[in-house]
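The chain contents come next:
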Amino acid sequence: MNILSLIGMSAALCTTIAFVPQVWQVWRSRSAKDISLGMYLIFVTGVSLWLVYGFMLGDWPLILANSVTLALAGAVLVMKIYFDLRNNKKPK
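These remarks concern the structure in this document. Everything numeric in this text was worked out from a predicted model, so none of it was measured. (Residues numbered from 1 in each chain as written. Predicted model: local features only at pLDDT ≥ 70, side-chain atom pairs only at ≥ 80, totals over all residues. Heavy atoms only, no water.)

**A word on unusual backbone geometry**
Defined as follows: A run of DSSP states H or I qualifies as a helix once it reaches four residues; a run of E qualifies as a strand once it reaches two. Both are numbered from the N-terminal end. Exposed residues in this analysis have more than 50% of their type's maximum accessible area, buried residues have under 20%, and partly exposed residues fall in between, with area computed by a 1.4 Å probe over protein chains only.
Of note in the backbone geometry, Arg 30 takes a positive phi value of approximately 55° without being a glycine. With respect to the element layout, Arg 30 can be found in the loop between helix 2 (20-29) and helix 3 (37-57). With relative accessibility at 34%, the residue Arg 30 sits in the partly exposed group.

Following this line, the structure appears as structure tokens:
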């Protein structure tokens, strides 16, 4: 493995697993009141576009990293909307 691949894989790993603590915190607390709906909508859209780009290039590391990131960030987004609606609040 060359240094370029190692840096790319390390970056993908860090940016992907960075969402695990957020998903866990929102799930455990059953609250996403301090989560920005706008930020997650934009982020999930961006990750979706990166995933499409990865498929168009046939770049499996890009596809795998963005698939996991999309699942984790998407989970936070869904919980944000669900918990806000459950608590009779408009999602912010």
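**What about a nonpolar patch on the surface?**
Rule in force here: Without a salt bridge and with relative accessible area above 30%, a residue can belong to a patch; like charges are then joined within 9 Å and nonpolar side chains (Val, Leu, Ile, Met, Phe, Trp, Tyr) within 5 Å. Note on areas: these come from Shrake-Rupley sampling with a 1.4 Å probe, and a residue is covered only by the protein chains present in the view. We define a salt bridge as a contact between a side-chain nitrogen of Lys or Arg and a carboxyl oxygen of Asp or Glu at a distance within 4 Å.
Together, Met 1, Ile 3, Leu 4, Leu 6, Ile 7 and Met 9 make up an exposed nonpolar region whose accessible area comes to about 710 Å². Locating Ile 7 in the fold gives a position in helix 1 (residues 3-17). Looking at Ile 7, the relative accessible area reads 53%, which means it is exposed.

**Here's the deal with the packing of helix 3 against helix 4 (residues 60-86)**
Defined as follows: Each axis is a line fitted through C-alpha atoms, and for a helix only the stretch in contact is used; angles between axes span 0 to 180 degrees, taken between their N-to-C directions. Any angle that is under 35 degrees is reported as roughly parallel, and any over 145 degrees as roughly antiparallel; angles of 65 to 115 degrees are reported as roughly perpendicular and all others as oblique. Note on convention: near helix rotated counterclockwise from far helix by under a right angle means a left-handed crossing. Clockwise means right-handed. Each residue is assigned to one of three groups, with Ala, Val, Leu, Ile, Met, Phe, Trp, Tyr, Cys and Pro labelled nonpolar, Asp, Glu, Lys and Arg labelled charged, and all others, Gly among them, labelled polar.
Where helix 3 meets helix 4, the closest approach of the two axes is 9 Å, and the angle between their N-to-C directions is 155°. As the angle between them shows, helix 3 and helix 4 are arranged roughly antiparallel. As for how helix 3 packs across helix 4, the hand of that crossing is left-handed. Of the residues that constitute the contact of helix 3 with helix 4, the class distribution is 18 nonpolar, 6 polar and 1 charged.

**Quick word on the packing of aromatic side chains**
One pair of aromatic rings is described through two measures. These are the centre distance and the angle between the planes. Selection criterion: By convention, a stacked pair of Phe, Tyr or Trp rings (six-membered ring in the case of Trp) has centres within 6.5 Å and planes under 30 degrees apart, an edge-to-face pair has planes over 60 apart, and any other such pair is tilted. Only when the NZ atom of a Lys or the CZ atom of an Arg is both within 6 Å of the ring centre and within 35 degrees of the ring normal do we say a charge sits over the ring.
With the rule as written, the count across this model stands at 5 aromatic pairs. Centre to centre, the rings of Phe 55 and Trp 60 are 6.3 Å apart; their planes meet at 80°, and the pair counts as edge-to-face. Chaining the aromatic ring pairs together yields one cluster made of Phe 19, Tyr 40 and Phe 43. Here Arg 30 stacks its cationic end above the ring of Trp 27, 3.9 Å away from the centre of that ring.

**Concerning the environment of Ser 36**
Counted only if it meets this: Think of a polar contact as two N or O atoms within 3.5 Å of one another; within protein, one of them needs to be a possible hydrogen donor and the other a possible acceptor, and neighboring residues in sequence only count if both atoms come from side chains.
Tracing the backbone through its elements, the reader meets Ser 36 in the loop between helix 2 and helix 3. Spatially, the C-alpha atom of Ser 36 lies 31 Å from that of Asp 59, the residues being 23 residues apart in sequence. Polar contacts involving the side chain of Ser 36 include one to the main-chain amide nitrogen of Met 39, which spans 3.1 Å.

**Describing the packing of helix 2 against helix 4**
What counts here: Here, residues are in contact when the closest pair of their heavy atoms is within 4.5 Å.
For the pair helix 2 and helix 4, the least separation of the axes is 9 Å and the interaxial angle reads 25°. Compared by their axis directions, helix 2 and helix 4 come out roughly parallel. In this structure, the crossing between helix 2 and helix 4 has a hand that is left-handed. Mapping the contact onto sequence places Val 20, Gln 22, Val 23, Val 26 and Trp 27 in helix 2 and Leu 72, Val 76, Met 79 and Phe 83 in helix 4. Here the residues of the contact of helix 2 with helix 4 are counted per class, giving 8 nonpolar, 1 polar and no charged.

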